[in-house]
Amino acid sequence: MCGFDKDKGPGRLMTKGLTLIVVGHVNFILGAIVHGSVLRHISKPSSEISTEYTVSNIIAVTSGLLSIASGIVAILVSRNIKNVKLHVGLLVSSFLNALLSAACCIGLVMAISLTISADGSALMQGCNNTDMPINARSPISANCPFDTTRIYDTTLALWFLCTLLSAMESGLSVWCFIVGLTLRGIGPCAHTYLREQLEEDTTGRSIRNLRFDEPL
């Protein structure tokens, strides 16, 4: 975590920023697929909004967008390593994204657990129920406005991927947040970068003094 230096640090920060952008895009697309193919049918205002819909779409999609923004800020900081305003932007965006991604990961785990325990009954809320309860794994046919073929397996598979991506987003954001603290001289990792800056400034002043002290 404390391996940031003036030589390799900017390159590593740019790599992490690009990774955040890619992961954020993929997570956003997966959340949109789940919403467009399955959960939009159970999110009508007249129906009960399921926990799975709220967690997997609103939080996951927002987390993906914030990860993209955090990745862009990280890339800008890597190209302008001494810009104070960008340091603050990196701290704020990475901190918020770490919290939101962690909340998204925990929420998705809960949604997966609830779906498995109920055999996907929440995924069938948009269907016209018969006299007995229907779940996604029931052999009873139901009049649904969407294709119920493999709805249970497909939704869970996409949610598992979103959970892994959210955990990755959270880890990358924590790393970027520590880098922001290091650049601002805060925290236990700050001494590494600050010491290099002081040594660089001392060397620069010594060279300038030698030039002025040279005889004409």
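Placed above this text is the structure.
Predicted model only: the values in this text are computed from it and were never measured.

Its 33 residues place the ends of helix α4 (residues 151-183) 47 Å apart at the C-alpha level, agreeing with the 48 Å of an ideal helix rising 1.5 Å per residue. In the stretch just after α4, G185 is the one whose phi turns positive, near 75 degrees.

Structurally, H35 can be placed in helix α1 (residues 9-37). On the basis of relative accessible area, H35 is assigned to the partly exposed category, the value being 28%. For H35 and T155, which are 120 residues apart along the polypeptide, the C-alpha to C-alpha distance reads 9.7 Å.

This model, assessed by the stated rule, comprises one aromatic pair. Above the ring of W175, the side-chain terminus of K16 is found at 4.7 Å from the ring centroid.

Glancing now at the packing of helix α3 (residues 84-117) against α4. Put simply, α3 and α4 touch, their axes get as near as 7 Å, and they point 155 degrees apart. Taken together, α3 and α4 sit at an angle that is classed as roughly antiparallel. The crossing of α3 and α4 is left-handed. Of the residues contributing to the contact of α3 with α4, the split by class is 24 nonpolar, 10 polar and one charged.

The residue L158 is located in helix α4 in this model. A relative accessible area of 14% means that L158 is categorised as buried. Residues L158 and N27, spaced 131 residues apart in sequence, show a C-alpha to C-alpha distance of 9.5 Å. Once residues lying within four places of it in the same chain are set aside, the contact partners of L158 are L30, I33 and V34.

Under the 1.5 Å per step criterion, the end-to-end length of α3 is 50 Å for 34 residues, consistent within 8% with the ideal 50 Å. A side-chain oxygen of the first residue of α3 lies 3.1 Å from the backbone nitrogen of K85; this N-cap is N83.

The topology assignment puts T163 in helix α4. Engagement of the side chain of T163 in a polar contact is seen with the backbone oxygen of W159, the distance being 2.8 Å. When residues no more than four places from it in sequence are discounted, the contact partners of T163 are C105, L108, V109 and I112.

Let's shift gears to the side chain of S101. Within the element layout of this structure, S101 appears in helix α3. Of the polar contacts made by the side chain of S101, one reaches the backbone oxygen of N97; its length is 2.8 Å. Those residues in contact with S101, other than ones at most four positions away along the chain, are S63, S67, S166, E169 and S170.

The next point concerns the nonpolar core. Core analysis: the biggest nonpolar cluster contains 15 residues, and L30, L108, L156 and W159 have the highest contact counts within it. Sorting the residues of this core by element identifies α1, α3 and α4 as the ones contributing at least two each. Of all the elements, α4 adds the most residues to this core, at seven residues. Discounting residues that sit within four places of it in the chain, L156 has contacts with I112, T115 and I116.

Rules behind the numbers
Residues numbered from 1 in each chain as written. Predicted model: local features only at pLDDT ≥ 70, side-chain atom pairs only at ≥ 80, totals over all residues. Heavy atoms only, no water. Helix = DSSP H or I, 4+ residues; strand = E, 2+ residues; numbered from the N terminus. Expected span 1.5 Å × (residues − 1). Buried < 20%, exposed > 50% of the residue type's maximum accessible area, 1.4 Å probe, protein only. Phe/Tyr/Trp six-rings, centres within 6.5 Å; stacked < 30°, edge-to-face > 60°. Lys NZ or Arg CZ within 6 Å of the ring centre and 35° of its normal. Axes fitted to C-alpha atoms, helices over the stretch in contact; angles between N-to-C directions. Parallel < 35°, antiparallel > 145°, perpendicular 65-115°, else oblique. Left-handed = near helix turned anticlockwise from the far one by under 90°. Nonpolar A, V, L, I, M, F, W, Y, C, P; charged D, E, K, R; others polar. Contact = heavy atoms within 4.5 Å. Polar contact = N/O pair within 3.5 Å; in protein donor to acceptor, adjacent residues only side chain to side chain. Core = buried A, V, L, I, M, F, W, Y, C linked by side-chain atoms within 4.5 Å.

Functional significance is not addressed by these values, which are geometric in nature.
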